[in-house]
Every structure is written in C-alpha cells, then in structure tokens.
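# Secondary and tertiary structure notes
This is what each chain is made of:
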Amino acid sequence: MSVEHIRLGVAQARGTVFVGGVALIGGALAFLGVFTWLAIRFNYPDVLDGRAADVLPALLATGDTGRAVWSLYALLPLVWIPAGVATFEALRARAAGPMRLAMVFASLAALSMMLGLMRWPSVHWELARAWGGAGESERTVLAAVFDGLNRYLGNFVGEFLGELSVGAFFVLSGVGLLREARAPRWLGWWGVVAGALGLIGMWRNVTSAVDVFAEVNNYSLPLWMIAQGTWLVRRSRGGEMN
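Residues numbered from 1 in each chain as written. Predicted model: local features only at pLDDT ≥ 70, side-chain atom pairs only at ≥ 80, totals over all residues. Heavy atoms only, no water.

Moving on, we get to the nonpolar core. Residues W80, F170, M225 and W231 are the most contacted members of the largest nonpolar core, which totals 32 residues. Residue assignment for this core shows that the elements contributing at least two residues are α1 (3-42), α4 (80-117), α6 (136-179), α7 (185-201) and α8 (211-237). Residue contributions to this core peak at 13 residues, all from α4. Ranked by size, the runner-up nonpolar core spans 26 residues in total, among them V55, L56, A143 and F146. (Core = buried A, V, L, I, M, F, W, Y, C linked by side-chain atoms within 4.5 Å. Buried < 20%, exposed > 50% of the residue type's maximum accessible area, 1.4 Å probe, protein only. Helix = DSSP H or I, 4+ residues; strand = E, 2+ residues; numbered from the N terminus.)

Printed below as a string of structure tokens:
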C-alpha cells in the first residue's frame, strides 16, 4: 500500500470519527429537547401507561406540531449508526473485536428504537383519528390494537431490545476506551457503568424494583452521549488515527 493510500485512509477515518462525534452530541441535545416538549405537552413518558380512551385524543390534540415532533423523535435513534462506526474507527487499534460487536449493537439499537417510536406518528395517529367517530364496539377494537402495538413495538422491540442494544454498546465502548491510552479512564468507566444501568433498567416492565436504575439511566444516557461525542470530535482532530 502506498503512502498516499495510507494518508487517504487516515483522513477518511478522521472524517468518520468527527461525523460520529457530532451525531452523538447533536442526537443527545435533540433528545433532551424532544423529551422536554413531549413531557410538557403530552405528559410523556407517564402517558405510555395510559388507556387508549385517554391517550389517543391527547395525541391528536397535539396537532401537526406534535406529529412532527414524534416523527423527529422516531428518527433520532439513527444517530447510533454513525456513532457505532466512529467508535469502531477510533478504538479498533486496541479493541477491534469489542468495537466490531459494539458497531453491530449500535445498528440494532437504531433499528429497534426507531421501529418502536414510529408507531406514534403513524399507526397510533390513525387510531387517534378513527377514535373520535367510532362507536363503542369499534373503540374496543381500536383499544386492543393500541394496547397490542404498545406491548410489541413499544415494550418488547423499542424498549427491551433497543435498550439491551444501547446498554451493550455503552459497555463495549467503555471497554474500548479503557484499552485506549489516549482516552480518559473516567469516560471508559462511565460507559461501562451507564451501560450496566441500562441493562438493569430495561427490566422495569417486569418489576418495579429496577425503576431507580431506569430513572438514573435516563439522565446518564444523554450526558454520556455528549461526553463520548466530544471525545470523538477531539480524537478526530488531534493525534494519529491508527
């Protein structure tokens, strides 16, 4: 391989790492913004445990803005894909195996979380439209569809599988950071701990005993994303990419 090819590869790796870092930072900030809007306007996330009779009219009442916010929210998990690739590029010299696995989990997290969230501006939105003019028997069917989608796409796919994948990505990224001499050790341990919290908290739909872990993880997740994204951006601009 020529020197020019090596330099080109290094430049491309730096660009990939930079984009992944920006995606993590931007995704975390957008997540906080969307989450806050939904908490104020839609009583999120408590609304997830509500009945169709209460939730569907409230969803429709958020209007076009609410549907647009949900659509944005559904796309935010896609940031895990460039983040996974960037983390692999930045840490593969010391932890190629864990980083390859982390990249797979990041992609799985993006797909599963996106599918879970997309039910709100799509199927749930149509259910909400139908609810207002439906009779009692029709509403029983609509409520059953609503509950079924929440269990399958929400609890099992979006939350359980999605949070399992994110937790695994955090832990593996933390391991990779701990193996990298130029990475701060506190960031590596933070990734491991945050990932462990997520892996425990994902069982909250099974037992309330882990609710505190899930609550702490809600704050730890975006903060670690910002910290990891910042490190990736700095890594792309300083030091040789191996």
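It is worth spelling out the confidence of the model for the protein at this point. Predicted coordinates in areas of low pLDDT are best not read in detail. Here the protein shows a mean pLDDT of 92. Residues at 70 or above account for 93%. The weakest mean pLDDT in the protein belongs to α1 at 82; the strongest belongs to helix α3 (residues 63-75) at 97. Within the model, the stretch residues 1-10 combines pLDDT values under 50 with two contacts to residues more than four positions away or in other chains. (pLDDT = per-residue confidence, 0-100. Contact = heavy atoms within 4.5 Å.)

The subject of this paragraph is a nonpolar patch on the surface. A contiguous nonpolar surface patch, about 300 Å² in accessible area, is contributed by L75, L78, I81 and M118. As for its placement among the helices and strands, L75 is situated in helix α3. Take L75: its relative accessible area is 44%, and that puts it in the partly exposed class. (Patch = residues over 30% accessible without salt bridge, like charges linked within 9 Å, V, L, I, M, F, W, Y side chains within 5 Å. Areas by Shrake-Rupley, 256 points an atom, 1.4 Å probe, with all protein chains shown as cover. Salt bridge = Lys/Arg side-chain N within 4 Å of Asp/Glu carboxyl O.)

Running from amino to carboxyl end, α4 crosses α6 at an angle of 170°, the nearest separation of the two axes being 8 Å. As far as their axial angle goes, α6 and α4 are roughly antiparallel. Note on packing geometry: the crossing formed by α4 with α6 is left-handed. The residue makeup of the contact of α4 with α6, split by class, is 23 nonpolar, nine polar and three charged. (Axes fitted to C-alpha atoms, helices over the stretch in contact; angles between N-to-C directions. Parallel < 35°, antiparallel > 145°, perpendicular 65-115°, else oblique. Left-handed = near helix turned anticlockwise from the far one by under 90°. Nonpolar A, V, L, I, M, F, W, Y, C, P; charged D, E, K, R; others polar.)

The subject of this paragraph is the packing of α6 against α7. Direction vectors running N to C along α6 and α7 enclose 160°, while the axes themselves pass 7 Å from each other. By the angle between their directions, the pair α6 and α7 is classed as roughly antiparallel. As α6 runs across α7, the sense of the crossing is left-handed. When α6 is examined against α7, the residues E163, L164, G167, A168, F170, V171, G174, V175, L177 and L178 are found in contact with a partner set consisting of R185, L187, G188, W189, G191, V192, A194, G195, A196, L199 and G201. Residues that form the contact of α6 with α7 fall into these classes: 13 nonpolar, six polar and two charged.

As enumerated under the stated definition, the model contains 17 aromatic pairs in all. Arranged with centres 5.5 Å apart and planes meeting at 75°, the rings of F35 and Y44 form a pair that is edge-to-face. Through pairs of rings, three or more aromatic residues link up here, namely F31, F35, F42, Y44, W70, Y73, W120 and F146. (Phe/Tyr/Trp six-rings, centres within 6.5 Å; stacked < 30°, edge-to-face > 60°.)

So, on to unusual backbone geometry. In this model, Y44 is joined to P45 through a cis peptide bond whose omega is 10°. For P45, the location among the structural elements is in the loop between α1 and α2 (52-61). Located in the positive-phi region is N43, a residue other than glycine, with phi close to 55°. Within the secondary structure layout, N43 lies in the loop between α1 and α2. You can call N43 partly exposed: its relative accessible area is 46%.

Okay, helix α5 (residues 123-132) next. Three- or four-residue spacings in an α-helix give side chains the same orientation, since the helix completes a turn every 3.6 residues. Looking at α5, one finds that the buried residues are H124, W125, L127, A128 and W131. Along the long axis of α5, the arc covered by the buried residues comes to 160°, so they all point the same way. Taken together, the buried residues of α5 touch α2, α3 and α6. (Arc of directions from axis to C-beta.)

With that settled, the discussion passes to α6. With 44 residues, α6 extends 61 Å from end C-alpha to end C-alpha; this agrees with the ideal 64 Å at 1.5 Å per step. Along α6, the sharpest change in direction is near 30° and occurs at G154. (Expected span 1.5 Å × (residues − 1). Bend = angle between axes of the 7 residues up to and from the residue.)

Okay, the pattern of salt bridges next. The final tally for this structure, using the stated rule, is seven salt bridges. The residue R51 makes a salt bridge to D54 at a minimum N-O spacing of 3.3 Å. Note on D54: relative accessible area 46%, which makes it partly exposed. Note that E180 is salt-bridged to R182, the shortest N-O span being 3.2 Å. A residue is classified by how much of its surface remains accessible, and E180, at 4% relative accessible area, is buried.

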